[in-house]
Each structure stands twice: as C-alpha cells, then as structure tokens.
Amino acid sequence: MPYVPPQEYDSSVVDDISWMDKTNCGEDDLFLFFPEKVDSVTYAKIARKICSPCKVRDECLMFGLVTERTQKNKYGMFGGQNASQRRRIHQALNKASQE
C-alpha cells in the first residue's frame, strides 16, 4: 500500500494515546527508532520494516508531527518517517494551510 501523507494536523492522537497499545514496535528496542548517529541507516531500515505493516502507522506519524510542532523534538522514527521526511511533510502541511 503506497504511503499517503496527511492532509492536516490532528492533535487527537496526542490527547488519546490508546492507539499506542496496537503498535508493532511495542516489544522492540526503542534504540531502533531513536538511534545514535552510529549506523543509523541500518537501524532506520529495520525500523521501517517494523513500521510498514503497522495498523496504527498513521497515528504514530501524526503523533510525531504534532509533538514536533509543540515540543520541538525532531528526532527518531515515527510512522516509518525519519526527521527529514517529516520536515517535508510539515512543509507540505504548512503550504496547504496557507492556500
């Protein structure tokens, strides 16, 4: 299934985090999703394999996007998207909101 970026911000995923109980990554080492600089490409590939089939991938990505806006935390993998990929999503969302 191809990735479709969100069309708007939805803060409800921060207010109600019950979706986190359904993640594929719950039992995995968080280091995969928040790696140090050392070999982060390898960890990102592994994390994406875990994220790809996850049923709450969209919620996770939105959680990352919303918390980045409010807490300025721009680190880690959320919904299979790294910080630079999420930066492009932020730019697209901001542009769409101005139109």
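Scroll up to find the structure.
Engineer: How would you sum up the overall build of the chain? Please name residues and give values.
Structural biologist: Helix and strand counts for the chain stand at four helices and zero strands. Its helices and strands in sequence order give the chain the pattern α-α-α-α, from N to C terminus. Counting only residues that meet the buried cut, the chain has 32% of its 99 residues in that class. Taking contacts inside the chain between residues at least 6 apart in sequence as the whole, the part at least 24 apart equals 63%.

Engineer: Break down helix 4 (residues 83-98) for me, with residues and values.
Structural biologist: Here helix 4 contains 16 residues, and its C-alpha end-to-end distance of 23 Å stays within 8% of the 22 Å for a straight helix at 1.5 Å per residue. Those residues of helix 4 that sit buried are Arg-86, Ile-89, His-90 and Leu-93. Viewed end-on, helix 4 has its buried residues packed into an arc of 105 degrees, placing them on one side of the element. Pointing more than 90 degrees away from the buried face of helix 4 are the exposed residues Arg-88, Gln-91, Lys-95 and Gln-98. On the buried face of helix 4, the contacting elements are helix 3 (57-71).

Engineer: Give a detailed account of the packing of aromatic side chains, specifying residues and quantitative values.
Structural biologist: Inspection of the entire model under this criterion finds four aromatic pairs. Where Phe-34 meets Tyr-75, the ring centres are 6.0 Å apart and the plane angle is 40 degrees; that geometry is what we call tilted. Of this pair, Phe-34 sits in the loop between helix 1 (12-15) and helix 2 (40-51) while Tyr-75 sits in the loop between helix 3 and helix 4, and the two are 41 residues apart along the sequence. Using a relative accessible area of 38% as the deciding quantity, one classes Tyr-75 as partly exposed.

Engineer: If you had to explain the pattern of salt bridges to someone new, which residues and values would you point to?
Structural biologist: Taken as a whole and judged by the stated rule, the model has one salt bridge. Across the salt bridge formed by Glu-68 and Arg-86, the nearest N and O atoms sit 2.7 Å from each other. With Glu-68 in helix 3 and Arg-86 in helix 4, this pair connects stretches of sequence that are 18 residues apart. The same class applies to Glu-68 and to Arg-86, which are both buried.

Rules used throughout
- Residues numbered from 1 in each chain as written.
- Predicted model: local features only at pLDDT ≥ 70, side-chain atom pairs only at ≥ 80, totals over all residues.
- Heavy atoms only, no water.
- Helix = DSSP H or I, 4+ residues; strand = E, 2+ residues; numbered from the N terminus.
- Buried < 20%, exposed > 50% of the residue type's maximum accessible area, 1.4 Å probe, protein only.
- Contact = heavy atoms within 4.5 Å.
- Expected span 1.5 Å × (residues − 1).
- Arc of directions from axis to C-beta.
- Phe/Tyr/Trp six-rings, centres within 6.5 Å; stacked < 30°, edge-to-face > 60°.
- Salt bridge = Lys/Arg side-chain N within 4 Å of Asp/Glu carboxyl O.

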